[in-house]
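What follows is each chain in one-letter form.
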Amino acid sequence: MISQLTPGERQLALVLSICLAAVGGFLAIVGKDDIIAVHGLMVSAVAYLLVFIIGIEFFKPSPSPRRIEKYYDDPTKAGIVLALVWGIVGMGVGDWVAWLLVFPEATFDAGWASFGRLRPVHTTGVIFGFGGNALIATSLHVMQRTCRTRLPDQLSPWVVLVGYNVFCLLAVTGYMLGITASKEYAEPEWYADLFLTVIWVSYLILYLRTLRRREEPHIYVANWYFLSFIVVVAILHVINNLAIPVSLGHAKSYSLFSGVQDAMTQWWYGHNAVAFFLTTGFLGMLYYFLPVRAGRPIFSYRLSIISFWGITFLYMWVGSHHLHYTALPNWVQTLGMTFSIILVVPSWASAGNALLTLNGAWHKVRDDATLRFMMVAAVFYGLSTFEGSFMAIRPVNSLSHYTDWTVGHVHSGVLGWVAMITFGSIYTLVPWLWKKKAMYSNALVELHFWLALIGTLIYVFAMWNSGVIQGLMWRAYNENGALAYSFIESVEAMKPYYAARAVGGLFFLTGVMVCFYNVLKTIRMQDDATVVPERPPLLVAAPASAE
Ligand code: HEM
Ligand code: HEM
Ligand SMILES: [Cu+2]
């Protein structure tokens with residue numbers, strides 16, 4: 001990694017690491033009476049490690065003239081491995097909290113092991129750790145291939161990747177220590193948020209600089225999706241996290257918003273995190289890796305662009321569907337509901353476009369588990385967006401809200417769509433990156449596919465059942481007009497479904513472990529293939545069906 005840097009980049013990397021060490025040291029000293037000091041120490045420890053790693057490079061004999069490859073893929077390689085590590089940790093904790101709901105006593109009487117602290121470790125670990133690393137890794141790859149240009153420098157992708165992972169570490173260790181800003185999917189406190197802002201803006205600048213030096217005049221549609229993901233997440237992150245810290249030496253801060261405005265800001269963020277982190281970013285992956293793997297151009301290039309603008313425009317308005325029947329003005333709820341229903345159109349346009357791309361390649365879907373991952377992802381993308389639009393209808397939401405139906409909807413999206421498209425992309429990408437003919441074992445890819453599919457189906461069906469039962473129990477009246485069930489009775493009725501979900505999760509988690517093993521084995525494999533599809537032939541910039 002470091003040996004690839006030019007001498008100038010190496011010096012800059014050293015300066016940046018020293019600055020980071022200084023910031024960490026500062027937080028550790030001014031925050032000595034607060035828990036923030038732990039994070040200060042952690043950051044400076046990581047920074048000193050970086051200083052060391054970069055520093056020893058200065059003392060090595062200078063390498064023979066560097067052979068510059070057309071593309072710079074080391075950060076992508078690291079990102080893929082990191083995504084899988086976070087995937088195992090995040091989903092491991094997910095399954096752990098799933099079992100906690102079956103056996104609520106299993107917390108060892110320790111604060112860090114309570115459901116309330118471990119749940120955000122799961123959500124952050126999987127969304128930002130697993131999903132985010134996969135997105136950064138694939139976006140860097142796709143951008144270089146579709147722009148036919150190398151990244152503008154070797155340092156900034158590492159700043160983005162390392163910085164982003166430091167942020168994720170601050171986040172999950174913070175929750176276990178009891179630090180939280182109490183905003184769902186945005187729980188880290190102000191100092192971590194500021195740090196991420198710097199990193200994310202570097203990511204945006206890196207993306208724009210690469211686009212600017214492209215040798216391909218056309219900007220392939222996947223880049224539009226990736227770019228909207230980067231731009232919108234930056235806006236969401238900054239606005240939702242506007243807060244005043246108690247002092248520079250305290251982790252705690254207070255949001256600039258209050259009451260229903262705070263709730264609306266939070267769900268404008270929360271929904272668009274789903275939309276731009278968990279959807280458009282992964283659509284960027286889909287629009288590149290699915291056609292490449294299928295060996296066919298996108299069914300309709302024009303539709304992919306219409307769908308892009310439809311999604312980008314509509315999603316921004318629908319956050320209020322998370323606040324039905326609250327103090328939020330009724331017209332704002334109606335607005336969110338209406339736009340949510342319209343949203344099914346561009347969503348299905350993307351899902352349909354993906355599936356129609358496979359027309360003529362169904363025999364490949366049958367034989368190739370990697371392509372099947374992507375096919376199933378497109379199907380679940382269609383299902384979960386349809387379900388979301390349905391749940392956004394106010395009377396439907398009166399049944400589904402607060403129940404496990406929401407959790408089922410979430411996981412049909414994240415397991416069926418987000419994780420499956422990621423696995424499909426990883427299996428496509430890994431042999432190319434490490435220059436191998438194929439994955440170490442196709443049988444293991446096949447095994448992973450079935451573990452993932454069975455796990456998802458068990459999870460989602462369990463939650464649909466428990467969700468609808470909860471909703472119905474809560475609204476059942478007896479002949480006297482009193483509630484038919486106490487709340488605790490509805491909790492007890494969930495036990496079998498929670499156990500089933502935890503078992504489904506175990507299937508899914510095992511699949512990710514199989515994937516990790518297969519990837520590591522592929523990396524170590526000897527059969528270096530010299531012929532690698534450097535630039536996938538069929539799709540880039542010459543959209544065959546853009547007529
Ligand atoms: C092994 C697989 C997984 C298991 C066993 C699992 C389990 C869980 C559990 C038990 C909860 C808490 C539900 C509750 O509070 O009642 C949860 C919430 C959540 N999980 Fe997972 N999960 C898995 C994978 C994933 C993945 C891959 C993602 C995202 C990429 C994800 C995203 C979420 C989100 C966003 C929530 C919050 C849902 C809400 O607030 O409605 N999960 N998960
Ligand atoms: C057309 C697209 C979609 C619409 C209209 C939609 C709509 C909704 C609605 C109405 C809720 C329930 C709100 C509540 O009662 O609290 C919800 C929750 C959620 N959806 Fe979707 N959804 C869509 C697609 C997706 C996709 C593709 C994913 C994941 C990849 C996803 C992830 C989530 C998450 C994480 C929550 C739970 C938020 C929370 O309470 O913590 N949604 N969605
Ligand atoms: Cu939403």
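Residues numbered from 1 in each chain as written. Chains lettered and ligands numbered in written order. Predicted model: local features only at pLDDT ≥ 70, side-chain atom pairs only at ≥ 80, totals over all residues.

1. Description of the overall build of the chain
Part 1 of the argument: For the chain, the count of helices and strands is 18 helices and 2 strands.
Part 2 of the argument: Whereas a compact globule of 547 residues would reach a radius of gyration of roughly 24 Å, the chain reaches 24 Å, a difference of no more than 12%.
Part 3 of the argument: Overall, the chain is about 90 × 65 × 40 Å in size when its C-alpha atoms are taken along their principal axes.
Part 4 of the argument: The contacts of the chain with a sequence gap of at least 6 include a subset with a gap of at least 24, amounting to 82%. (Helix = DSSP H or I, 4+ residues; strand = E, 2+ residues; numbered from the N terminus. Rg over C-alpha atoms; globule rule 2.2 N^0.38 Å. Contact = placed C-beta atoms within 7 Å.)

2. Focus: the confidence of the model for the chain
Part 1 of the argument: Here the chain shows a mean pLDDT of 93. Residues at 70 or above account for 95%.
Part 2 of the argument: Within the model, pLDDT remains below 50 along residues 540–547, and this stretch shows 20 contacts once partners closer than five positions in the same chain are excluded.
Part 3 of the argument: Quick note on the complex model: pTM equals 0.95, ipTM equals 0.98. (pLDDT = per-residue confidence, 0-100.)

3. A few points about the site of ligand 2
Part 1 of the argument: Taken together, the neighbourhood of ligand 2 is formed by 28 residues, with Thr385, Gly388, Ala392, His401 and Gly413 sitting nearest.
Part 2 of the argument: Put simply, the parts of the chain that give the shell around ligand 2 at least two residues each are α8 (259–294), α11 (344–357), α13 (369–391), α14 (394–400) and α15 (404–433).
Part 3 of the argument: A per-class count over the shell around ligand 2 returns 11 nonpolar, 16 polar and 1 charged. (Near = placed C-beta within 6 Å. Nonpolar A, V, L, I, M, F, W, Y, C, P; charged D, E, K, R; others polar.)

4. A few points about the nonpolar core
Part 1 of the argument: Counting 150 residues, the largest nonpolar core has Leu286, Met374, Ala377 and Met420 as its most contacted members.
Part 2 of the argument: With 20 residues, the single largest contributor to this core is α8.
Part 3 of the argument: Counting contributing residues per domain, this core is built from domain 1 (1–61) and domain 2 (73–528), each supplying no fewer than three.
Part 4 of the argument: Discounting residues that sit within four places of it in the chain, Ala377 has contacts with Leu286, Gly416, Trp417, Met420, Ile421 and Gly424. (Core = buried A, V, L, I, M, F, W, Y, C linked by C-beta atoms within 7 Å. Buried ≥ 20, exposed ≤ 12 C-beta atoms within 10 Å, placed from the backbone. Domains from an automatic or database assignment.)

5. Structural notes on the site of ligand 1
Part 1 of the argument: Near ligand 1 there are 22 residues, and of these Met91, Gly94, Val126, Val414 and Gly505 occur at the shortest range.
Part 2 of the argument: Mapped by element, the contributors of at least two residues to the shell around ligand 1 are α3 (74–102), α4 (115–147), α15 and α18 (495–524).
Part 3 of the argument: By residue number, the principal contributor to the shell around ligand 1 is α15, which donates 8 residues.
Part 4 of the argument: Taken together, the residues of the shell around ligand 1 sort by class into 13 nonpolar, 7 polar and 2 charged.

6. Concerning the UniProt feature "binding site: heme b 2; high-spin" (unreviewed entry) in the chain
Part 1 of the argument: According to UniProt, the positions carrying the feature "binding site: heme b 2; high-spin" (unreviewed entry) are His409.
Part 2 of the argument: Looking at the element boundaries, His409 is found in helix α15.
Part 3 of the argument: The contact partners of His409, leaving out residues within four places of it in the chain, are Ser384, Glu387, Gly388 and Met391. (UniProt positions renumbered as here; feature names shortened; annotations may be inferred.)

7. Some remarks on unusual backbone geometry
Part 1 of the argument: Its identity is not glycine, yet Asp109 carries a phi of approximately 55°, on the positive side.
Part 2 of the argument: With respect to the helices, strands and loops of the structure, Asp109 is situated in the loop between α3 and α4.

8. Some points on the domain arrangement of the chain
Part 1 of the argument: Along its sequence, the chain is organised into domain 1 (1–61) and domain 2 (73–528).
Part 2 of the argument: On a C-alpha basis, the centroid separation for the pair domain 1 and domain 2 is 30 Å.
Part 3 of the argument: Between domain 1 and domain 2, the residue contacts involve 20 residues of the former and 18 residues of the latter.
Part 4 of the argument: For the side of domain 1 that touches domain 2, the secondary-structure elements that each account for two or more residues are α1 (7–30) and α2 (36–57).

9. Some details on α11
Part 1 of the argument: Its 14 residues give α11 an end-to-end C-alpha distance of 20 Å, which sits within 8% of 20 Å, the value for a rise of 1.5 Å per residue.
Part 2 of the argument: Of all the residues in α11, the buried ones are Pro346, Ser347, Ser350, Ala351, Asn353, Ala354 and Thr357. Down the axis of α11, the buried set is contained in an arc of 155°. They therefore lie on one face. (Expected span 1.5 Å × (residues − 1). Arc of directions from axis to C-beta.)

10. What about the packing of α15 against α18?
Part 1 of the argument: Taken N-terminus to C-terminus, the directions of α15 and α18 make an angle of 15°; their axes are 11 Å apart at the nearest point. Viewed along their axes, α15 and α18 adopt a mutual orientation that is roughly parallel. For the pair α15 and α18, the crossing hand works out as left-handed. Side by side, α15 and α18 meet where Leu415, Phe423, Ile426, Val430 and Pro431 of the first sit next to Phe508, Cys515, Val519 and Thr522 of the second.
Part 2 of the argument: Each residue belonging to the contact of α15 with α18 can be placed in one class, and the counts come to 8 nonpolar, 1 polar and no charged. (Axes fitted to C-alpha atoms, helices over the stretch in contact; angles between N-to-C directions. Parallel < 35°, antiparallel > 145°, perpendicular 65-115°, else oblique. Left-handed = near helix turned anticlockwise from the far one by under 90°.)

11. Observations regarding the packing of α15 against helix α16 (residues 442–474)
Part 1 of the argument: Running from amino to carboxyl end, α15 crosses α16 at an angle of 170°, the nearest separation of the two axes being 7 Å. Between α15 and α16, the angle is such that the two are roughly antiparallel. As for how α15 packs across α16, the hand of that crossing is left-handed.
Part 2 of the argument: Residue composition of the contact of α15 with α16, grouped by class: 13 nonpolar, 10 polar and 1 charged.

12. What about the environment of Asp367?
Part 1 of the argument: Position of Asp367 among the secondary structure elements: in helix α12 (residues 362–367).
Part 2 of the argument: For Asp367, a count of 11 C-beta atoms within 10 Å puts it in the exposed group.
Part 3 of the argument: Between the C-alpha atoms of Asp367 and Glu446, which are 79 residues apart in sequence, the distance is 9.5 Å.

13. A short note on the environment of Trp99
Part 1 of the argument: As for its position among the elements, Trp99 is in helix α3.
Part 2 of the argument: The sequence separation of Trp99 and Val503 amounts to 404 residues, and the corresponding C-alpha distance is 8.8 Å.
Part 3 of the argument: Setting aside its immediate chain neighbours within four residues, Trp99 contacts Ala106 and Ala502.

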